[in-house]
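These are the residues of each chain, in order.
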Amino acid sequence: MKLWVDGGLREAETARVSVLDHGLTVGDGVFETIKAVHGRPFALPPHLDRLTRSARGLGLPDPDLDEVRRACAAVLEANPLPLGRLRITYTGGPSPLGSDRGDAGPTLVVAVGEAAPRPETTAVITVPWTRNERGALTGLKTTSYAENVVALARAHERGASEALFGNTVGRLCEGTGSNVFVVLDGRLHTPPVASGCLAGITRALVAEWSGAEETDLPLEALDDAEEVFLTSTLRDVQAVSRIDARQLPDAPGPVTAKAMSVFAERAERMLAADGA
């Protein structure tokens, strides 16, 4: 495997980032994960826009998006895969130990790994920890991901693939790496970004294409929902068949099935247009 590290392709075995990189020592970095289908990245422009917004939110210099695009193209060409997870990581760069940044400049790494299609349905759990809807990192896709690691490990222990968070005021927020949609009285809802959730790229497309409403919902809405599904870069639209001990045996329900169908059709069109 070949990776892009600070200006060029490197063999994975010899690629190096400083052990003093601020992304490693204090989690001072941002990232994007992008689905790549036969070497074509899906929805790259909005991912790059969000990368820039996240960098600005941390006070990092704007990434050189021309370099990022070159890096993505080079990595995908060097590592042909039918379905890949393309990862862009942009950090504060080598810095003194502690929270202060150094003056060496940011680090850029682009890598790709093989991905597998997700099952049509999955199980999720809720966790007792909360998202802070008023935090300094709210809405930013940062490398400070440890609380997601802990919550996802809890989900795996309980036979689920995702953990869902409420926020500090008990409202439904998001998963560790996904956005959540619920059907109530036949209408499709998703939490607003004010809940503290990430403004997911797939979330935005599904909301637009399926007519979902942004609605501030209590976490308990999961107990009443007729259907629930997750969205993310690699899940696309994935129906939820179990929430904690509650079974949703007919998943995917009709609203979810329609969202899945519409997303698959329009996403294929987007990929074809990008490759034209």
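Before any of the text, the structure's been laid out above.
Residues numbered from 1 in each chain as written. Predicted model: local features only at pLDDT ≥ 70, side-chain atom pairs only at ≥ 80, totals over all residues. Heavy atoms only, no water.

**Q** Go over the overall build of the protein with me, naming the residues and quoting the values.
**A** A tally of regular secondary structure across the protein gives seven helices and 15 strands. Computed over its C-alpha atoms, the radius of gyration of the protein comes to 19 Å, within 12% of the 19 Å expected for a compact globule of 276 residues. By its C-alpha atoms, the protein is 55 × 45 × 30 Å across when sized along the principal axes. Per-residue burial over the protein gives 50% buried out of 276 residues. Here the analysis covers contacts within the protein between residues at least 6 apart in sequence; of these, 69% occur between residues at least 24 apart. Of the roughly 12,900 Å² of accessible surface on the protein, 53% is carried by carbon and sulfur atoms. (Helix = DSSP H or I, 4+ residues; strand = E, 2+ residues; numbered from the N terminus. Rg over C-alpha atoms; globule rule 2.2 N^0.38 Å. Buried < 20%, exposed > 50% of the residue type's maximum accessible area, 1.4 Å probe, protein only. Contact = heavy atoms within 4.5 Å. Areas by Shrake-Rupley, 256 points an atom, 1.4 Å probe, with all protein chains shown as cover.)

**Q** Go over the layout of surface pockets, please, and point to the residues and values.
**A** For the largest pocket, the calculated volume is near 980 Å³. Within the residue set of the lining of the largest pocket, elements represented by two or more residues are β3 (29-37), α2 (44-58), β5 (83-91), β7 (121-131), α4 (146-157), β9 (172-175), α5 (201-210) and β13 (227-232). No other element matches α4, which puts four residues into the lining of the largest pocket. Of the residues belonging to the lining of the largest pocket, the class tally is ten nonpolar, 22 polar and eleven charged. Lys35, Pro117, Leu234, Arg235 and Asp236 are the residues nearest the centre of the second largest pocket, which is lined by 19 residues in total. In terms of residue count, the dominant contributor to the lining of the second largest pocket is helix α7 (residues 254-275) (six residues). Grouping the amino acids of the lining of the second largest pocket by side-chain chemistry returns twelve nonpolar, one polar and six charged. (1 Å grid on protein atoms, 1.4 Å probe; cavity = no way out; pocket = protein on both sides within 12 Å on 5 of 7 lines; lining within 4 Å. Points joined across faces, edges and corners; volume = space filled by probe spheres on them. Nonpolar A, V, L, I, M, F, W, Y, C, P; charged D, E, K, R; others polar.)

**Q** Quick rundown of empty space enclosed by the protein? Include the residues and the values.
**A** Summed over all chains, the structure comprises one cavity of 30 Å³ or more. Here the largest cavity defines a volume of roughly 30 Å³. Taken together, the residues that form the lining of the largest cavity break down as five nonpolar, three polar and no charged.

**Q** Explain the side chain of Ser178 to me, using residue names and the numbers behind them.
**A** Its location among the elements puts Ser178 in the loop between β9 and β10 (179-184). Reaching out from Ser178, the side chain makes a polar contact with the side chain of Glu162 at a distance of 2.8 Å. (Polar contact = N/O pair within 3.5 Å; in protein donor to acceptor, adjacent residues only side chain to side chain.)

**Q** Explain unusual backbone geometry to me, and be specific about the residues and the numbers.
**A** Cis peptide bonds are those with omega within 30 degrees of zero, and the linkage from Ala251 to Pro252 qualifies with -5 degrees. Mapped onto the secondary structure, Pro252 falls in the loop between β15 (246-247) and α7. Even without being a glycine, His38 presents a positive backbone phi close to 50 degrees. Among the secondary structure elements, His38 is positioned in the loop between β3 and β4 (40-41). The phi torsion at Ala43 lies on the positive side, around 55 degrees, for a residue other than glycine. Examined against the element boundaries, Ala43 turns out to sit in the loop between β4 and α2. Residue Ala43 is classed as buried on the basis of its relative accessible area of 3%.

**Q** Residues and numbers for the packing of aromatic side chains, please.
**A** Overall, the coordinates contain four aromatic pairs when judged by the stated rule. Taking the centre distance of 5.3 Å and the plane angle of 85 degrees together, the rings of Phe31 and Tyr145 count as edge-to-face. Residue Phe31 is located in strand β3, and its partner Tyr145 is located in the loop between β7 and α4; the two are separated by 114 residues in the primary sequence. Relative to Phe229, the ring of Phe181 lies with its centre 4.8 Å away and its plane at 10 degrees, an arrangement referred to as stacked. A residue pair is termed long-range when its members are at least 10 positions apart, and Phe181 in strand β10 and Phe229 in strand β13 qualify at 48 residues. Judged by relative accessible area, which is 0%, Phe181 ranks as buried. An aromatic cluster of three or more residues is present, and its members are Phe42, Trp209 and Phe263. Taking NZ or CZ as reference, Lys35 lies 5.1 Å from the ring centre of Phe42, over its face. Over the ring of Phe31 we find Arg87, and its NZ or CZ is 3.9 Å from the ring centre. (Phe/Tyr/Trp six-rings, centres within 6.5 Å; stacked < 30°, edge-to-face > 60°. Lys NZ or Arg CZ within 6 Å of the ring centre and 35° of its normal.)

**Q** Quick rundown of a negative patch on the surface? Include the residues and the values.
**A** On the surface, a cluster of negative charge is made up of Asp185, Glu220, Asp223, Asp224 and Glu226. With respect to the element layout, Asp185 can be found in the loop between β10 and β11 (187-190). (Patch = residues over 30% accessible without salt bridge, like charges linked within 9 Å, V, L, I, M, F, W, Y side chains within 5 Å. Salt bridge = Lys/Arg side-chain N within 4 Å of Asp/Glu carboxyl O. Lys, Arg positive; Asp, Glu negative; His and termini not counted. Charge placed at Lys NZ, Arg CZ, Asp CG, Glu CD.)

**Q** An account of the environment of Val26 is requested, with residue identities and associated values reported.
**A** Within the element layout of this structure, Val26 appears in the loop between α1 (22-25) and β3. In this structure the C-alpha to C-alpha distance between Val26 and Ala257, which are 231 residues apart in sequence, comes to 42 Å.

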